[in-house]
Amino acid sequence: MLTQAPRGTKDVLPGGSYKWQYLESKMRKAAAEAGFREVRTPVFEHTELFLRGVGDTTDIVTKEMYTFKDKGDRSITLKPEGTAGAVRAFLESNLYAEPLPCKMYYLAAPVFRYEAPQNGRLREHHQFGMECFGAKEATADAELILLAYHLLKDLGVKNLSVNINSIGCPACRGKYNEALKSFLHEHEGELCEDCRARMDRNPLRALDCKKEKCQMVVKNAPSLLDWLDDDCKAHFEELQACLKAEGIPFQVNPKIVRGLDYYTRTVFELITNTKDGPLTVCGGGRYDHLVEQLGGPEIPAVGFGMGIERVLMLLDMEGIEIPEPTLYDVFVTYMGAHRMDAFRLVQDLRQKGLKADMDHCARSLKAQFKYANKTGARVTATLGDDEVSQGVVKLRNMENREEVTVPVGEAADAVRRLEGLE
RNA sequence: GUGGGUAUAGUUCAGUGGGAGAGCGUCAGAUUGUGGCUCUGAAUGGCGUGGGUUCGAGUCCCACUACCCACCCCA
């Protein structure tokens, strides 16, 4: 118990963190190319932020939040998603007073949802997310979808399908909701219990209910796309035109609804088909009224979140290898009496920019070589009686066994030559 | 929250009511200062927790807990 990570959490261990760093470097690069700069916001926020932002009827808020009282009797919640915190930071520092759009991204930000963990679903997971404030045109939506798409493609994710939908603005969605409600009421008897229960509160959810009988009903339900007003329709068409112009495959999927209340117009998900079924790896959309709803000016915005663990899982399933950096350029081996000489040589090599280490466990020379081999060190540098008395060090390329003896002071350059770095 | 499965060494797992094991990994050796291959040896176990049945339980029964999987929802 004591040594077991809490349910639904996972350690990233020293032997695996390079995979995260690899993804992060790709994400930073993609973001920078599009003018997004990093934002870092707290892991927890006032509960109120999510009640008002995410929506107090959503599953996330009603049953999945990590909420607690702090010692000052404030209700605090661990972030269940990334957007609300970004909006809060944007407002608190009046970033809307600067030239817009304001583009930001967050990297491997932890988010928490209290759910039953299973494959690809954790209670704490990490998201890469991008948010763009102050851009109302569909090119901004398209830009984000393309960024996410190209990023995943570059990483090697296969079977990626881009699903887009428009859920309109509050005005046209309100009208549609009424139409959908009356349709659902007509077919009430054919719906599952869940859908009946939530049909007045959140009728949209019935559209993506997985139950077969609900799917039968919903198939003939009115489509939101038919209820979009002229502006929303034009916006959605422009988005599609952008995606077509860039030649990326996508499909309009009216069932994409998203579990967060703040979305308007564009919603999208990037879904991969795995052997275990479809898996959403990235989801997002436009939220033109969230900033205002949280007490700010009317500023349209659009963004997405991407699950880091899910990306890693997909790469793993595809058998895509992420290059693992070498641990050591050079490993210093030594005879027992010369530990201090080895120590000083290691420090010197590090000063000269090489990844260097030595044995700290009083191992035999043979064992030191074994260890060096296991860590993947490219070169060993040996200090024995002969070397120390002559002020030299014997280098050995661990791949081709080539050996060379050089003065200690020239070790770093010689290591580089031996590794073929120069 | 509902249903199913699993729980034995660091790890993957065998173990048919009666001596707690194997592969991999770790460590050490195979003569005097050199790794990968091979060989030899060693260390590491409250058999998830608590009850029960039995002369005897890792093994059968019950409860609890944890983990995995599915549903729901999502990233």
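Quick look at the structure, then. Please read all numbers here as calculations on a predicted model, not as lab measurements.

## Here's the deal with the state of the cysteines
At step 1: The final tally for this structure, using the stated rule, is zero disulfides.
At step 2: Here Cys132 is not disulfide-linked; the sulfur of Cys102 is the nearest cysteine sulfur, at 8.2 Å.
At step 3: Residue Cys132 is classed as buried on the basis of its relative accessible area, which comes to 2%.
At step 4: Unpaired in terms of disulfides, Cys282 finds its nearest cysteine sulfur in Cys132, a separation of 15 Å.

## Here's the deal with the packing of aromatic side chains
Any pair of aromatic rings gets described here by the distance separating the centres and the angle formed by the planes.
At step 1: Tallied over the full model, the rule gives 13 aromatic pairs.
At step 2: Pairing Tyr66 with Tyr114 gives two aromatic rings, centres 5.5 Å apart and planes at 70°, and the pair type is edge-to-face. Here Tyr114 lies in the loop between strand S5 (102-112) and strand S6 (124-133) and Tyr66 lies in the loop between helix H3 (59-63) and strand S3 (67-69), a separation of 48 residues in the sequence.
At step 3: Each ring, one from Phe133 and one from Tyr287, has its centre 6.3 Å from the other, and the planes form 80°; the classification is edge-to-face. With a gap of 154 residues between them, Phe133 in strand S6 and Tyr287 in the loop between strand S10 (277-286) and helix H10 (290-293) connect regions that are remote in the sequence.
At step 4: Note on Tyr287: relative accessible area 1%, which makes it buried.
At step 5: Connected via pairs of aromatic rings, a cluster forms that spans Phe90, Tyr96, Phe133, Tyr262, Tyr263 and Tyr287.

## Concerning the pattern of salt bridges
At step 1: Within the structure shown, the criterion is met by 18 salt bridges.
At step 2: The partner of Asp73 in a salt bridge is Lys69, with the nearest N and O atoms 3.6 Å apart.
At step 3: In this structure Asp73 comes out as exposed when scored by relative accessible area, which is 57%.
At step 4: Assessed through its relative accessible area of 53%, Lys69 is described here as exposed.
At step 5: Members of the salt-bridge network, linked through shared partners, are Arg28, Glu38 and Arg40.

## Looking at the sheet that holds strand S4 (residues 75-78)
At step 1: Within the open sheet, the three strands sit side by side as S2-S4-S3. Their pairing is antiparallel. This sheet does not close on itself; its edge strands, each paired only once, are strand S2 (44-46) and S3. The average undirected angle you get between the axes of adjacent strands in this sheet is 35°.
At step 2: By the bridge criterion, three bridges tie S2 to S4 in an arrangement that is antiparallel. Residue Phe44 lies in a different strand from S4, and its bridge partner there is Leu78.

## Brief notes about the packing of helix H5 (residues 138-155) against helix H9 (residues 230-245)
Think of two packed helices as two axes; the pair is described by the angle between the axes and how far apart they sit.
At step 1: Between H5 and H9, the shortest axis-to-axis distance is 8 Å and the interhelical angle comes to 40°. Looking at the two axes, H5 sits oblique to H9. In terms of crossing hand, the pair formed by H5 and H9 is right-handed. For the pair formed by H5 and H9, the contact residues are Ala138, Thr139, Asp141, Ala142, Ile145 and Leu146 on the first element and His235, Glu238, Leu239, Cys242 and Leu243 on the second.
At step 2: Residues that form the contact of H5 with H9 fall into these classes: seven nonpolar, two polar and two charged.

## Notes on unusual backbone geometry
At step 1: Each neighbour pair has its own omega, and for Leu100 with Pro101 the value is 5°, a cis peptide bond.
At step 2: Here Arg401, not a glycine, exhibits a phi torsion of approximately 65°, which is positive.
At step 3: Counting through the fold element by element, Arg401 comes out in the loop between strand S15 (392-397) and strand S16 (403-407).

## Considering helix H6 (residues 170-186)
At step 1: Spanning 17 residues, H6 covers 24 Å between terminal C-alpha atoms, matching the ideal 24 Å at 1.5 Å per step.
At step 2: All buried positions along H6 are accounted for by Cys172, Arg173, Tyr176, Asn177, Ala179, Leu180, Lys181, Phe183 and Leu184.

## Re the pairing of S10
At step 1: With respect to burial, S10 is a largely interior element, eight of its ten residues being buried.
At step 2: One ladder, built from nine bridges, connects strand S9 (residues 264-274) with S10; its direction is antiparallel. Along S10, the bridge assignment pairs Asn273 with Pro278.
At step 3: A loop of two residues connects S9 with S10, the two strands running antiparallel in sequence.
At step 4: Strand direction decides the pairing type here: S10 and strand S11 (residues 301-307), joined by five bridges, are antiparallel. Residue pairing for S11: Gly283 is matched across the bridge by Gly305.

Conventions used here
Residues numbered from 1 in each chain as written. Chains lettered and ligands numbered in written order. Predicted model: local features only at pLDDT ≥ 70, side-chain atom pairs only at ≥ 80, totals over all residues. Heavy atoms only, no water. Disulfide = S-S within 2.5 Å. Buried < 20%, exposed > 50% of the residue type's maximum accessible area, 1.4 Å probe, protein only. Phe/Tyr/Trp six-rings, centres within 6.5 Å; stacked < 30°, edge-to-face > 60°. Helix = DSSP H or I, 4+ residues; strand = E, 2+ residues; numbered from the N terminus. Salt bridge = Lys/Arg side-chain N within 4 Å of Asp/Glu carboxyl O. Pairing = 2+ DSSP bridges. Axes fitted to C-alpha atoms, helices over the stretch in contact; angles between N-to-C directions. Parallel < 35°, antiparallel > 145°, perpendicular 65-115°, else oblique. Left-handed = near helix turned anticlockwise from the far one by under 90°. Contact = heavy atoms within 4.5 Å. Nonpolar A, V, L, I, M, F, W, Y, C, P; charged D, E, K, R; others polar. Expected span 1.5 Å × (residues − 1).

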